[in-house]
Amino acid sequence: MKSKRILVAPSVLSADFSEIGSVVEKLRHTEADMIHCDVMDGHFVPNITFGAKFVKDLRQHTSLPLDIHLMISDPGKYADDFIDAGADCISFHIEAVKDCESLIRRIRSADVECGLAISPDTDVEKAAEYLSLLNKVVLMSVYPGFGGQKFMESAYGRMCKLKNMISESGANTLVEVDGGVSFSNACDIVEGGADILVAGNAVFGSDDMGKAISELKSAKRK
């Protein structure tokens, strides 16, 4: 049986922001499939990162798809700003929005892909009714807010449940796993059903980003 293609999304949250332009340009010479950008507002999560201006500037340094993860309290208020900044995909948290379907449709109508993020304490079942509208579900395997956290083992069961839901629905929704992805657990995460690996420290903490990304993409049981 042909093995599925694993996508890797390096998370710039773990990069050196003082050299972000050159760092992102270097990713062009690797097997990175997209660039993951964690937008935090200090309200929905206890940390503050960057806004649409940062994404717009980043867009000038790369042709790779920009995968924007909005960890903010009112994503609908700012979605258009990130669309205008050059986002290729915008994911927002199911916990932060009352009318998910309207926001999903609004983002998709702008010819931008849409993902729905689910925090560790939220039942993945809540995403079931939106699967046919989504490009992906971002399954958080750490509590959102900070990089460098340890992968939560409970994510495996949630991943399995989510994959079964997608299969039963007949949707083509991808599963993106975000948080604590490393070389030691990438194989298990892929076997658990992940299609996209968000990797921060594993990539930007490496002396060779290209090699790190290649190893993550080829994760398999030894």
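Notes on the structure follow. Remember, predicted model here, so these are calculated numbers, not experimental data.

## A word on the sheet that holds strand β5 (residues 113-118)
Working step 1: Spatial strand order, β1-β8-β7-β6-β5-β4-β3-β2: 8 strands in an open sheet with parallel pairing. At either end of the open sheet lies a strand with only one pairing partner, and these are β1 (7-10) and β2 (35-40). Neighbour-to-neighbour, the strand axes of the sheet open up by a mean angle of 25°, direction not taken into account.
Working step 2: Where β5 lies against strand β6 (residues 136-140), 4 bridges are found, and the strand directions are parallel.

## Concerning helix α5 (residues 155-169)
Working step 1: The end-to-end C-alpha distance of α5 is 21 Å, a good match for the 21 Å that 15 residues give at a rise of 1.5 Å each.
Working step 2: Every buried residue belonging to α5 is among Ala155, Arg158, Met159, Leu162, Met165 and Ile166, and all of these are buried. The buried residues of α5 occupy an angular sector of 125° when projected down its axis, which confines them to one face. Among the exposed residues of α5, those pointing more than 90 degrees away from its buried face are Ser167 and Glu168.
Working step 3: Buried residues along α5 sit in contact with β5, β6, β7 (174-178) and α6 (186-191).
Working step 4: Of the residues one or two after α5, Gly170 is the one with positive phi, at around 80°.

## Quick notes on the packing of aromatic side chains
Working step 1: In this structure the tally under the stated criterion is 4 aromatic pairs.
Working step 2: Considering the side-chain rings of Phe50 and Phe54, the 4.1 Å spacing of their centres and the 20° angle between planes classify their relative orientation as stacked.
Working step 3: Using a relative accessible area of 16% as the deciding quantity, one classes Phe54 as buried.
Working step 4: An aromatic cluster is present here, built from Phe17, Phe50 and Phe54 joined pairwise through their rings.

## Section: helix α3 (residues 75-85)
Working step 1: Buried within α3 we find Pro75, Ala79, Phe82, Ile83 and Ala85. Taken end-on, α3 shows its buried residues confined to a sector of 150°, consistent with a single buried face. Exposed side chains of α3 directed beyond 90 degrees from the buried face belong to Lys77 and Asp84.
Working step 2: Two residues or fewer past α3, Gly86 is found with a positive phi of approximately 110°.

## A look at the pairing of strand β3 (residues 66-71)
Working step 1: Burial analysis of β3 places 6 of its 6 residues in the buried class, the great majority of the element.
Working step 2: Neither face of β3 is open: one carries Leu66, Ile68 and Leu70, the other Asp67, His69 and Met71, and all of them are buried.
Working step 3: Here β2 pairs with β3 via 6 bridges, running parallel. The residue of β3 that forms the bridge with Ile35 is Leu66.

## Digging into the packing of helix α2 (residues 52-59) against α3
Working step 1: Running from N to C, α2 and α3 cross one another at 15°; their axes reach a closest spacing of 8 Å. As the angle between them shows, α2 and α3 are arranged roughly parallel. Between α2 and α3 lies a crossing of right-handed hand. In this structure, α2 contributes Ala52, Val55, Lys56 and Arg59 to the contact, and α3 contributes Asp81, Phe82 and Ala85.
Working step 2: Its residues assigned to classes, the contact of α2 with α3 comprises 4 nonpolar, no polar and 3 charged.

## Description of the pairing of β7
Working step 1: Of all 5 residues that make up β7, 4 are buried, and the element is covered over most of its length.
Working step 2: Bridge count between β6 and β7: 5 bridges; the pairing is parallel. Residue Met140 lies in a different strand from β7, and its bridge partner there is Asp178.
Working step 3: After leaving β6, the chain enters α5 and then returns to the sheet as β7, a path that is right-handed.
Working step 4: Sheet topology note: the β7/strand β8 (residues 196-199) ladder contains 3 bridges and is parallel. Across the sheet, residue Asp178 finds its bridge partner in β8, namely Val198.
Working step 5: After leaving β7, the chain enters α6 and then returns to the sheet as β8, a path that is right-handed.

What counts, and where the lines are drawn
- Residues numbered from 1 in each chain as written.
- Predicted model: local features only at pLDDT ≥ 70, side-chain atom pairs only at ≥ 80, totals over all residues.
- Heavy atoms only, no water.
- Pairing = 2+ DSSP bridges.
- Helix = DSSP H or I, 4+ residues; strand = E, 2+ residues; numbered from the N terminus.
- Axes fitted to C-alpha atoms, helices over the stretch in contact; angles between N-to-C directions.
- Expected span 1.5 Å × (residues − 1).
- Buried < 20%, exposed > 50% of the residue type's maximum accessible area, 1.4 Å probe, protein only.
- Arc of directions from axis to C-beta.
- Contact = heavy atoms within 4.5 Å.
- Phe/Tyr/Trp six-rings, centres within 6.5 Å; stacked < 30°, edge-to-face > 60°.
- Parallel < 35°, antiparallel > 145°, perpendicular 65-115°, else oblique.
- Left-handed = near helix turned anticlockwise from the far one by under 90°.
- Nonpolar A, V, L, I, M, F, W, Y, C, P; charged D, E, K, R; others polar.
- Right-handed = clockwise from strand over helix to strand, strands pointing away.

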